Amino acid sequence: MDTNTAVTVPPSPETVRWLENTEALDTWLTGLAPELPLALDTEFERVSTFYPIPGLVQLGAGEELWLVEPDVVAASEPFRQLLADPRRPKLLYAMSEDLELFRHWLNVAPAGVLDLQLGAALAGAGFSVGYARLVESLFGETLDKSATRSDWLARPLTPEQQRYALEDIRFLAPLYQWVKERLQARGLEQALEEESARFAGDGADTEDFDQYYLKLRGGWTLSPEQQSVLQALVAWREGECRRLDRPRNRVLNDGLLIAVAERQPGSLAELKDVQGVPGGFVRRYGEQVLALIRDARKADFSRLEPIPGPLTREQQGIYRSAKKYIKKVAEDNDIPIEILAPRKRLEKAVKQKSLANDPFFEGWRLALLEPVRADIEETLKQ
């Protein structure tokens, strides 16, 4: 990775500054220059709940860095508008949980977001590099991560927590400049926008409860009828976890859902007999689960999308052959193959026997793979 950089990093502020009320936040937001990138991060807690609980919001623009209490942000309509504005770049790092927080907490689907962890990978920094490690390699500054797992809901926040929170956004704008310069040199200016938008969209798609069973890859051996039962059970669990605001495992874990779908118990005694299913679960949800099983078995599951199984031996050979072409492109462009062609995406192409009509292999990926696309397509059709 090229770490030579002339990017200027703003100094760590002498004092920590807060936007202490919604009026101050709104005034600052509405006074920002048009399209000035906004550095954005959050701190939250998520130990015994399904949804993350906001603990702090950090905002930066230019050399200004601010901390904001969640209740101040929640009352700000300009913040919601800015978050949803595709014209205003929002700079985040490893943004998936931040976006989930905003979708649930503020009921906003963020747009114009740029995940600089993805950007750094596209710029040659490596796959899934941590923020502190990248800051140290690019800018020579070591971040104090001692407050990472501290209690962000307790008040007052310690001086160490406040400093930690500011450092999490201080380097986002310089990092964006570093990434942008290298992407321009590589002809990948649009790749960061495309990939960040796709990533944000994938996260929003998880709200479709009826499709969540497809994530339980261990259920691929189940029959179509059993997968229909699993689909119903998983969709029910998703709704129950959200209703109770409890983690999935606190209701029933994936492995036990698969076991129940496989056994398809017809009575409370049979449900209790499924190894690992807690008695408390049977008492609380037993009749409801049995009704779900009965209805799912009666449903038309002829068009149900099956859970993807592992590749056959023949398909594994095709996968390895196709991967060789893609790996060469990834190495030539110094882009991690995990970004260019993640395993699950390439496995899907192997099963489809083509890259055509796959929205994943479009845009910047298609441009990079174009020189070997014919070779890949021929390999996939074997």
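Residues numbered from 1 in each chain as written. Predicted model: local features only at pLDDT ≥ 70, side-chain atom pairs only at ≥ 80, totals over all residues. Heavy atoms only, no water.

## With respect to unusual backbone geometry
Okay, step 1: The amide bond that connects Arg155 to the next residue, Pro156, takes the cis arrangement and shows omega of 0 degrees.
Okay, step 2: One non-glycine residue, Glu35, adopts positive backbone phi at about 65 degrees.
Okay, step 3: Within the secondary structure, Glu35 sits in the loop between α1 (22–30) and β1 (38–45). (Helix = DSSP H or I, 4+ residues; strand = E, 2+ residues; numbered from the N terminus.)

## A short note on the packing of helix α15 (residues 313–332) against helix α18 (residues 364–380)
Okay, step 1: In contact at an axis separation of 10 Å, α15 and α18 are set at 170 degrees when each is read in the N-to-C sense. Overall, the two elements α15 and α18 adopt an arrangement that is roughly antiparallel. Residues Ile318, Ser321, Ala322, Tyr325, Ile326 and Val329 of α15 form the contact with α18, whose participating residues are Leu368, Leu369, Val372, Asp375, Ile376, Thr379 and Leu380.
Okay, step 2: A class-by-class count of the residues in the contact of α15 with α18 yields ten nonpolar, two polar and one charged. (Axes fitted to C-alpha atoms, helices over the stretch in contact; angles between N-to-C directions. Parallel < 35°, antiparallel > 145°, perpendicular 65-115°, else oblique. Contact = heavy atoms within 4.5 Å. Nonpolar A, V, L, I, M, F, W, Y, C, P; charged D, E, K, R; others polar.)

## Remarks on the environment of Gly219
Okay, step 1: Along the polypeptide, Gly219 turns up in the loop between α9 (191–204) and α10 (224–244).
Okay, step 2: Sequence spacing of Gly219 and Glu262 is 43 residues, and the spatial spacing of their C-alpha atoms is 8.8 Å.
Okay, step 3: Residue contacts for Gly219: discarding those within four places in its chain leaves Gln227, Leu230, Ile258 and Ile307.

## A closer look at the sheet that holds β1
Okay, step 1: Within the open sheet, the five strands sit side by side as β3-β2-β1-β4-β5. Their pairing is mixed. Here the strands that pair on one side only, and so sit at the sheet edges, are β3 (64–68) and β5 (113–115). Averaged over all adjacent pairs, the angle separating strand axes in this sheet is 25 degrees, with direction ignored.
Okay, step 2: As defined by bridge partners, β1 adjoins strand β4 (residues 90–92) across two bridges and the pair is classed as parallel. Across the sheet, the residue bridging to Ala39 is Leu91, located in β4.
Okay, step 3: Each of β1, β4 and β5 is contacted by helix α8 (residues 172–186), which is oriented at about 95 degrees to β4, the strand it contacts most. (Pairing = 2+ DSSP bridges.)

## Brief notes about the pairing of β1
Two faces, one strand: in a regular strand the side chains alternate between the faces of the sheet.
Okay, step 1: Where burial is concerned, most of β1 is hidden: seven out of the eight residues are buried.
Okay, step 2: Bridge count between β1 and strand β2 (residues 53–61): seven bridges; the pairing is antiparallel. Along β2, the bridge assignment pairs Glu45 with Ile53. (Buried < 20%, exposed > 50% of the residue type's maximum accessible area, 1.4 Å probe, protein only.)

## Description of the pattern of salt bridges
Okay, step 1: Scanning the model with the defined rule gives 26 salt bridges in all.
Okay, step 2: Of the charged contacts in the structure, one is a salt bridge between Arg365 and Glu195, with a shortest N-O distance of 2.7 Å. Of the two residues, Arg365 sits in helix α18 while Glu195 sits in helix α9, which places them 170 residues apart along the sequence. The pair Arg365 / Glu195 is uniform in exposure class, with both members buried.
Okay, step 3: What emerges from the salt-bridge pattern is a single network uniting Glu195, Arg198, Asp202, Arg345 and Arg365. (Salt bridge = Lys/Arg side-chain N within 4 Å of Asp/Glu carboxyl O.)

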